[in-house]
Amino acid sequence: MQTVAERRAAFKALHETGRAFLMPNPFDTGTARILDGLRFDALATSSAGYAWTRGVRDAEGLISRDLALAHAAEILGATNLPVNGDLENGFGDAPEDVADTIRAAIETGLAGCSIEDYTTDPAHPYYAHDLAVDRIRAAAEAKNALAPDFVLTARSEGPVQTPYELEETIRRLNAFVEAGADCVYAPQLKDKDQIAAILKAVNAPLNILAGRRNFYLTRKELGDMGVTRVSIGAGLARVAYKAFTEAAVDIKDGGAFGSFDRMNDTVDFESFMKAKP
């Protein structure tokens, strides 16, 4: 197994030389073993994927910092790859809360993490600009004091549908970079022209979320544009839970069991599971 320092260094290097490197998101130990066995470059936790394994919804404050980091530790134990933590809004509104989360993430052994500007309050969903920047600055100061090569990703969660929204996203991302973020991420981006605008205006590695419906850009296209990192978010978890639910509905309401004949046996997932010595 690689040391924590080696994983951090490898993850940092991917952001310096990577070209749309893939970072899929397992949601438990078994899925981490599968993705490790398939030889991806890095993995990331998924707050939504993990929340569903606990029977709760994502982004409603139902997963605590301790739970999220315990989950991250389980993923780390199942792979030799660098792991990035989806740590939502840092589990607190104040910059000090975010700094505490960063220190705990480094202690857990994560190679990096993302921090959102989403509040979990539907009435006021996004932190005010200055507070959002202060939160990233506190995160950067905490990681630089302990592990400068820990990759801090700052997320701007707001919409990007209008020119004004896109400009506001660019403004936030640039402010996050100035505050010390190593990578930027705007999950709402999926249009090629919008991605190109971000790449032109923001001088930092960019993460693009590809694990969702109606995303048609290929990894090659993203790499050719200059995208550094491609994550899947809750996409794989959503596929797994949807297939499970559809099969359960089929056997309950259909009265037949043909859903199990539709499984593709091309890849044997059990081959990636730990076996008796």
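Our subject is the structure that appears above.
Conventions used here
Residues numbered from 1 in each chain as written. Predicted model: local features only at pLDDT ≥ 70, side-chain atom pairs only at ≥ 80, totals over all residues. Heavy atoms only, no water. Helix = DSSP H or I, 4+ residues; strand = E, 2+ residues; numbered from the N terminus. Rg over C-alpha atoms; globule rule 2.2 N^0.38 Å. Areas by Shrake-Rupley, 256 points an atom, 1.4 Å probe, with all protein chains shown as cover. Lys, Arg positive; Asp, Glu negative; His and termini not counted. Charge placed at Lys NZ, Arg CZ, Asp CG, Glu CD. Polar contact = N/O pair within 3.5 Å; in protein donor to acceptor, adjacent residues only side chain to side chain. Contact = heavy atoms within 4.5 Å. Pairing = 2+ DSSP bridges. Expected span 1.5 Å × (residues − 1). Buried < 20%, exposed > 50% of the residue type's maximum accessible area, 1.4 Å probe, protein only. 1 Å grid on protein atoms, 1.4 Å probe; cavity = no way out; pocket = protein on both sides within 12 Å on 5 of 7 lines; lining within 4 Å. Points joined across faces, edges and corners; volume = space filled by probe spheres on them. Nonpolar A, V, L, I, M, F, W, Y, C, P; charged D, E, K, R; others polar. Core = buried A, V, L, I, M, F, W, Y, C linked by side-chain atoms within 4.5 Å. Phe/Tyr/Trp six-rings, centres within 6.5 Å; stacked < 30°, edge-to-face > 60°.

Asker: What's the story with the overall build of the chain in this structure? I'm lost.
Answerer: Each helix and strand in the chain was counted, giving ten helices and eight strands. On C-alpha atoms alone, the chain measures out to a radius of gyration of 19 Å, which is about the 19 Å that the 2.2 N^0.38 rule sets for 277 residues. Based on the C-alpha atoms only, the size of the chain along its principal axes is roughly 55 × 45 × 40 Å. Looking at the chain as shown, the accessible area adds up to about 14,000 Å², and 53% of this sits on carbon and sulfur atoms. The distance from the centre of the 30 positive side-chain charges to the centre of the 40 negative ones in the chain is 4 Å.

Asker: Which parts of the structure should I look at to understand the side chain of Arg172?
Answerer: Here Arg172 is to be found in helix α7 (residues 163-179). From its side chain, Arg172 meets the backbone oxygen of Tyr127 in a polar contact 2.5 Å long. For Arg172, the contacting residues outside a window of four places in its chain are Asp117, Tyr127, Ala128, His129, Ala132 and Ser156.

Asker: Teacher, can you tell me more about the sheet that holds strand β6 (residues 183-185) here?
Answerer: Whenever strands of a sheet pair, they do so through backbone hydrogen bonds, lying parallel or antiparallel. Pairing within the open sheet is parallel, and its eight strands lie in the order β1-β8-β7-β6-β5-β4-β3-β2. Where the open sheet ends on each side, the last strands, each with one partner, are β1 (21-23) and β2 (43-44). Of the pairings in the sheet, the one linking strand β7 (residues 206-209) to strand β8 (residues 229-231) comprises three bridges and is parallel in character. The partner of Ile208 across the bridge, within β8, is Val230.

Asker: So what exactly am I meant to see when it comes to helix α10 (residues 235-254) here?
Answerer: Since the α-helix advances by 3.6 residues per turn, residues separated by three or four positions end up pointing in the same direction. Here α10 contains 20 residues, and its C-alpha end-to-end distance of 27 Å stays within 8% of the 28 Å for a straight helix at 1.5 Å per residue. Every buried residue of α10 is listed here: Gly235, Ala237 and Ala247. In the core, the buried residues of α10 are packed alongside α3 (47-53). Among the residues trailing α10, Gly255 stands out with phi positive, at a value near 75°.

Asker: What is the right way to look at the layout of surface pockets in this model?
Answerer: Think of a ball as big as a water molecule: rolled over the atoms, this probe shows where empty space is left. Here the largest pocket defines a volume of roughly 1,200 Å³. Among the elements of the structure, α2 (29-37) and α10 are those that each provide at least two residues to the lining of the largest pocket. Element by element, the count of residues in the lining of the largest pocket is highest for α10, at ten residues. Volume-wise, the second largest pocket comes out at about 840 Å³. Considering the residues around the second largest pocket, the lining is formed by 35 residues, among which Ala48, Asp58, Leu209, Ala234 and Arg238 are closest to the centre. If you list the elements that add at least two residues to the lining of the second largest pocket, you get α3, β3 (83-86), β7, β8 and α10. Looking at which element gives the most residues to the lining of the second largest pocket, the answer is α10, with four residues. Classifying every residue of the lining of the second largest pocket gives twelve nonpolar, twelve polar and eleven charged.

Asker: I'm lost on the nonpolar core in this one. Help?
Answerer: Grouped burial of nonpolar side chains is what soluble globular proteins tend to show. Grouped together as the largest cluster of nonpolar side chains are 62 residues, with contacts concentrated most on Leu87, Ile102, Leu110 and Leu222. Among the elements that make up this core, the one with the highest residue count is helix α6 (residues 129-146) (seven residues). Residues contacting Leu110, with those up to four places away along its chain left out, are Arg8, Leu69, Ala72, Leu76, Val83, Asn84, Gly85, Leu87, Ala105 and Phe150. Judged by nonpolar contacts, the second largest core, of nine residues, contains Met23, Ala42, Ala111 and Val151.

Asker: What is the right way to read empty space enclosed by the protein from this model?
Answerer: In total, this model carries two cavities of 30 Å³ or more according to the counting rule given. Approximately 70 Å³ is the volume found for the largest cavity. Forming the boundary of the largest cavity are Thr45, Ser46, Ser47, Tyr50, Ile63, Ala68, His71, Asp86, Glu88 and Phe91. Those elements giving two or more residues to the lining of the largest cavity turn out to be α3 and α4 (65-77). A breakdown of the residues in the lining of the largest cavity according to their chemical character gives four nonpolar, four polar and two charged. Considering only enclosed or pocket space, the second largest cavity measures out at about 30 Å³ in volume.

Asker: Looking at this structure, how should I read the packing of aromatic side chains?
Answerer: Aromatic rings considered in pairs are described by the distance between their centres and by the relative angle of their planes. All told, the structure shown has four aromatic pairs when counted by the stated rule. Taking 6.3 Å as the distance between ring centres and 80° as the angle between the ring planes, the aromatic pair formed by Phe11 and Phe21 counts as edge-to-face. With Phe11 in helix α1 (residues 4-17) and Phe21 in strand β1, this residue pair connects regions lying ten residues apart in the sequence. For the residue pair Phe11 and Phe21, the accessibility class agrees, reading buried in each case. Ring centres of Phe27 and Tyr241 lie 6.0 Å apart, and the angle between their planes is 55°; this geometry places the pair in the tilted category. Taken together, the residues Phe27 in the loop between β1 and α2 and Tyr241 in helix α10 connect sequence positions 214 residues apart. Its relative accessible area of 10% is what places Phe27 among the buried residues. One aromatic cluster is present, formed by Phe27, Trp52 and Tyr241 through successive ring pairs.

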